Amino acid sequence: MSEAVIRVAGLGKSYVTAAGLFPALKGVDLTIQRSEFVAIMGPSGSGKSTFMNLLGCLDTPSSGDYFLVERNVAHMPGDELAILRNRTIGFVFQGFNLLPRMTLEDNVALPLVYSGIGREARREKGRQMLARVGLDGYALSLPARISGGQQQRVAIARALINSPRLILADEPTGNLDSHTSEEIMALFEQLNAEGITIVLVTHEADIAAHARRQVRFLDGFIVSDTATPVSELQPC
Amino acid sequence: MLSAMLGEAWHAMGCNRMRTALTMLGMVIGVGSVVLMLAIGQGAQYAVAQTISTMGSNLYILISGSTSTSGVRTGSGFGPTLNVADAEAISELDDITHVAPVHQGTQQLVYGAKNWSTTIVGTTPSYLDARAWTLTSGYAFGESDVRSASRVALIGKTAAENLFDREDPIGKTIRIRQTPFVIIGTLAAKGQNLDGRDQDDTVIIPLTTAQRKVFGVPFAGSVRTIILQASSAEAMPAVEKSVTALLRRRHRLRDDMDNDFYIRNLAAAADSAAETTRVMSLLLGAIASVSLLVGGIGIMNIMLVSVTERTREIGIRMAIGARQKDILTQFLLEAIMISIAGCLIGLLLGIGGALLINAITDMVIVISGGAVIVAFAVAAGVGVFFGFYPARKAAALDPIEALRYQ
Ligand SMILES: Nc1ncnc2c1ncn2[C@@H]1O[C@H](COP(=O)(O)OP(=O)(O)OP(=O)(O)O)[C@@H](O)[C@H]1O
Ligand SMILES: [Mg+2]
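Residues numbered from 1 in each chain as written. Chains lettered and ligands numbered in written order. Predicted model: local features only at pLDDT ≥ 70, side-chain atom pairs only at ≥ 80, totals over all residues. Heavy atoms only, no water.

Moving on, we come to the sheet that holds strand S1 (residues 4-17) of chain A. Residue and element names in this part refer to chain A. Spatial ordering of the open sheet is given by S2-S1-S4-S5, a layout of 4 strands whose pairing is antiparallel. Unpaired on one side and paired on the other, strand S2 (20-33) and strand S5 (71-72) mark the two borders of the sheet. Relative to S1, helix H1 (residues 48-55) is tilted by about 120 degrees, and along the sheet it contacts S1, S2 and strand S4 (63-68). (Pairing = 2+ DSSP bridges. Helix = DSSP H or I, 4+ residues; strand = E, 2+ residues; numbered from the N terminus. Contact = heavy atoms within 4.5 Å. Axes fitted to C-alpha atoms, helices over the stretch in contact; angles between N-to-C directions.)

Put into structure tokens, the structure is as follows:
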């Protein structure tokens with residue numbers, strides 16, 4: 001049974017700038033089924049991050065509709081979007097975005113603070129998640145003490161903690177060397193194999209090759225949507 | 001959820017200890033000075049109330065004026081306008097519980113080789129009742145002692161200490177102007193009166209004896225003062241009217257003549273003294289409250305800086321599911337915790353300061369539970385009030401903008 005985790009129709013986003021309204025996304029249609037692994041590519045400024053922020057319920061569209069697990073979230077109030085970000089979506093950033101003064105287990109368990117879980121249970125779960133991304137034994141370290149690749153693993157563990165259906169990652173390997181990037185991609189592939197839907201943005205063809213579907217953005221539109229690896233393409 | 005939030009707030013406070021401590025300092029000084037000022041103010045009120053309670057309640061004092069006709073004083077050869085018969089007539093009026101004519105003056109007491117100058121009060125037994133003055137030993141003189149002008153005396157604590165040291169004064173004979181008096185009772189201590197005079201530096205003797213042997217009054221039976229006690233505070237205005245009317249009649253004053261006596265309400269004097277100290281303590285409290293306000297503004301200032309500094313953190317929290325009200329609660333709790341912690345330290349310092357003042361001066365200090373609770377509630381209120389604006393600012397941030405903030 002195929003189930004659409006993401007379905008967007010005519011999705012548009014315009015930013016208010018000094019020079020007037022700037023349309024960053026000009027009407028995008030896309031459906032992503034459960035357990036898909038999608039790479040989003042395209043040149044700088046083509047609207048990829050704008051699109052990901054909309055998918056991640058971090059921002060609201062100017063036009064069009066966004067069905068997340070069949071629920072239209074385009075016009076949802078902020079608090080309900082917060083609950084979706086907490087439970088349904090895990091977001092991974094290029095810059096990791098860990099809280100520098102918190103231990104890794106507390107960082108990983110931070111989303112549970114907003115799901116009303118007690119402290120000991122949170123830490124327990126946090127340690128479990130760290131183990132799942134291969135970082136057992138690092139529970140009490142601080143983010144600054146570990147490498148970039150490890151920090152990104154911690155961020156992935158945090159995204160996973162509420163067992164989301166969907167992981168969104170905006171250039172998750174953008175700050176990492178190629179070897180570490182491969183490790184992170186292996187982790188994503190493993191998660192995808194476990195049934196989690198993954199959408200990630202990348203500039204690099206060999207990263208995109210890990211996905212089973214590649215969507216290409218240009219100037220606020222989707223210009224191609226292929227289901228075969230595109231390793232022969234030049235990096236943008 | 002709340003406990004998780006408390007933990008977060010605690011963590012945030014610990015992250016920047018120096019700043020947290022400085023922010024708290026404002027609250028510490030504010031609360032400390034409020035507590036200290038309230039303790040001093042309430043202590044002053046307590047001291048005044050204590051003094052008032054030693055005066056006796058619902059008292060009037062009648063003071064004889066000079067006899068005057070149409071504003072022309074008729075020389076000083078005349079004696080006081082009040083007399084013992086006036087006092088007896090007054091005691092027949094309604095709503096009067098005690099009346100005592102009083103003749104007092106300063107005289108030297110002599111006991112053996114020692115002497116001591118003190119206030120001699122010549123009066124009747126009602127005096128002790130009107131002033132609610134009890135004896136610690138011996139017994140009081142009675143009406144018969146007044147009639148027979150007995151040479152007996154009651155001695156106040158201060159006078160007794162100066163004349164007798166640790167000896168028991170009962171049964172001893174002292175001399176006042178060569179006349180021997182036997183001490184038959186010792187008076188309970190009353191402390192200072194509202195004017196700051198020591199009420200215990202006194203000897204009380206029968207009025208008749210005082211007038212004949214001690215003061216040598218040319219007009220026997222006339223007195224300078226009469227104290228009288230109304231049966232209740234409510235009855236006082238009526239008593240004042242009826243006493244005034246009675247005395248005017250007895251003194252045959254025509255309608256166009258002024259009173260030849262003054263009637264002074266001691267309760268009113270006490271009330272005004274109490275009012276003065278109440279206003280003083282309010283004023284002290286108000287001044288201290290300003291520093292509490294400044295402390296509150298300090299909290300707001302730091303919280304605003306903190307919100308700006310932690311914009312990215314707020315963005316991250318929002319991205320992983322914090323609702324606006326979660327962020328609001330977090331920052332509000334932080335402000336409240338800082339102010340309550342500051343308040344606790346301030347309370348301790350304020351109470352410590354009050355105890356210190358109490359130890360090194362003879363000022364009365366009263367620390368009431370009420371004041372402590374109020375200070376606490378105010379501190380929490382200050383935290384909410386001054387923490388709300390920065391917290392709302394944090395909660396209103398846009399997640400994307402906050403995440404992008406460097
Ligand atoms: N908040 C904003 N206000 C105004 N313009 C914006 C804003 N965010 C993005 N834009 C503009 O929208 C366009 C799309 O931006 P977006 O960040 O989505 O591009 P991108 O495809 O992610 O690029 P990159 O590969 O560099 O990350 C860009 O031209 C950008 O300048
Ligand atoms: Mg981008």
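Attention now goes to a negative patch on the surface. All names here are of chain A. A contiguous patch of negative charge, built from Glu182, Glu189, Glu204 and Asp206, is present on the exposed surface. Secondary-structure assignment places Glu204 in the loop between strand S8 (197-201) and helix H7 (205-208). The class of Glu204 is partly exposed, set by a relative accessible area of 33%. (Patch = residues over 30% accessible without salt bridge, like charges linked within 9 Å, V, L, I, M, F, W, Y side chains within 5 Å. Areas by Shrake-Rupley, 256 points an atom, 1.4 Å probe, with all protein chains shown as cover. Salt bridge = Lys/Arg side-chain N within 4 Å of Asp/Glu carboxyl O. Lys, Arg positive; Asp, Glu negative; His and termini not counted. Charge placed at Lys NZ, Arg CZ, Asp CG, Glu CD. Buried < 20%, exposed > 50% of the residue type's maximum accessible area, 1.4 Å probe, protein only.)

Residue and element names in this part refer to chain A. Backbone geometry places Ser35, a non-glycine residue, at a positive phi of 70 degrees. Within the secondary structure layout, Ser35 lies in the loop between S2 and strand S3 (37-41). The class for Ser35 is partly exposed, based on a relative accessible area of 23%. Of note in this structure, Glu70 is not a glycine but carries a positive phi near 70 degrees. Structurally, Glu70 is set in the loop between S4 and S5.

What follows concerns the UniProt feature "transmembrane region" (unreviewed entry) in chain B. Those places that UniProt annotates as "transmembrane region" (unreviewed entry) correspond, in this numbering, to residues 21-41, 282-307, 328-357 and 363-389 of chain B. Secondary structure within residues 282-307 of chain B divides into 100% helix and 0% strand; the distance between the first and last C-alpha atoms comes to 37 Å. (UniProt positions renumbered as here; feature names shortened; annotations may be inferred.)

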